Amino acid sequence: MKPYLFKIGEFELRIYSLMYILAFLCGIFIGLSDDVAEKRGITDRKIIEDFAFSTILAGLIGARIYYVIFRFSDYVGNPLSIFYVWQGGLAIHGGIIGGFIGAYLFAKKRKINLWVLTDMAVGALLFGQFLGRFGNLANGEIHGVPTFTPLSVIFSGRFNEWWAQYQAMGADMQAKFKEVVPWGITFPLDTPAGSEFPNLPLHPAMLYEGFLNLIGFIILWFYFRKKEKNPGVLTMIYLIMYAFIRMFVSTFRAEDLRFPGTSIRMPYLISIVMIIGAIIGIIYFSKPERKFVPIEEIKTNSSSNENEETKKVDLNSEQISENDATKDSDEKEIKI
């Protein structure tokens, strides 16, 4: 397993980078094929392309900053390595935060409803996350714990404690722990996974998440999107969906970011905040007054109202003319 697709001299096309390029292209295609966004007024291809570029760039910056903050000690010796994003080290929660900031600024500049844009983006984002995990596989990161770890240890969150005990055991005792699943992957020694667990089969946590992201995308895009809910609701559904996916996968991961000074996994904390915030968001965005009315429909309604007002004025004018004619006729009869 190599982190690059091919190498010519000093140049190498890394699979990690390729997955992000594919995610960008697929994201544009998904956005262009979004008939719900089209009904809400997003019809200009240039707007979709500019929005995709802006949010992906903001998301990458946010993902890197978030990761570096919680792993700053890894970069103290070589600060320039902070910019080596092709080697991995992006945190999806930071990417979501950065992408949202980018979307907000784009919507404000272009005077477009923010939630119409984010609803259009979440399907592409989830599919992009699916592709991105294959880049993590090539880099040997986002790896899980050894496949012979008892499930009771994994789901109780006591892996570090159990692992210390396991390493202190003799070979005979270690041999008693059999693989729980048959699809463990042994990573090269020069990868993060291989250096932490040399020559041991590990849970492919990145593939677990990739598979769940794909299932989530199918449900989100081909079921919930067709419901044409108020703007913002689809974004909130995505947040809930991914929060549960990440919490489940984090249970198997060996190298999750931790809250400083504790053993608490950051994905658990962020995911809980996402779920609570998204539930509140669904309640708020589902209100009847939050229903989105396209500009064209507003113009049509305005024109209809103007036409009706004009008709009323014309009718009143005609009535006044008829009354005046009647008065003139009555005056003539009196004179006669």
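Residues numbered from 1 in each chain as written. Predicted model: local features only at pLDDT ≥ 70, side-chain atom pairs only at ≥ 80, totals over all residues. Heavy atoms only, no water.

(A) Structural view of the nonpolar core. Residues I42, L117, L220, Y238 and Y242 are the most contacted members of the largest nonpolar core, which totals 67 residues. A total of 13 residues in this core trace back to one element, the largest contributor, which is helix α5 (residues 114–139). Once residues lying within four places of it in the same chain are set aside, the contact partners of Y242 are I92, H93, I96, L126, Q129, R133, E209, N213 and M274. One finds Y66, Y67, V68 and M266 within the second-largest nonpolar core, a separate group that totals 7 residues. (Core = buried A, V, L, I, M, F, W, Y, C linked by side-chain atoms within 4.5 Å. Buried < 20%, exposed > 50% of the residue type's maximum accessible area, 1.4 Å probe, protein only. Helix = DSSP H or I, 4+ residues; strand = E, 2+ residues; numbered from the N terminus. Contact = heavy atoms within 4.5 Å.)

(B) The arrangement of the pattern of salt bridges in detail. Enumeration according to the criterion identifies 8 salt bridges in this entry. Between R40 and D119 there is a salt bridge, and its shortest N-O distance comes to 3.2 Å. Of this pair, R40 sits in the loop between α2 (35–39) and α3 (45–70) while D119 sits in helix α5, placing them 79 residues apart in sequence. Like R40, the residue D119 is buried in the burial classification. (Salt bridge = Lys/Arg side-chain N within 4 Å of Asp/Glu carboxyl O.)

(C) Inspection of helix α12 (residues 266–285) at higher detail. Taking 1.5 Å as the rise per residue, α12 with 20 residues should run 28 Å; its terminal C-alpha atoms sit 28 Å apart, in good agreement. Every buried residue of α12 is accounted for by M266, P267, S271, M274, I275, A278, G281 and F285. One face of α12 carries all of its buried residues, which in axial projection span an arc of 150 degrees. For α12, the exposed residues lying more than 90 degrees away from the buried face are V273, I280 and I283. Packing partners of the buried residues in α12 comprise α3, α4 (92–110), α5 and α11 (233–250). (Expected span 1.5 Å × (residues − 1). Arc of directions from axis to C-beta.)

(D) A look at the packing of aromatic side chains. Throughout the structure, instances matching the rule amount to 27 aromatic pairs. An angle of 55 degrees between the planes, with centres 5.4 Å apart, marks the rings of F51 and F106 as tilted. Here F51 is found in helix α3, whereas its partner F106 is found in helix α4, with 55 residues between them in sequence. Given the relative accessible area of 4%, F51 is considered buried. On the basis of relative accessibility, which here comes to 7%, the residue F106 falls in the buried class. Judged by centre distance (6.0 Å) and plane angle (80 degrees), the ring pair of F217 and F222 falls under edge-to-face. (Phe/Tyr/Trp six-rings, centres within 6.5 Å; stacked < 30°, edge-to-face > 60°.)

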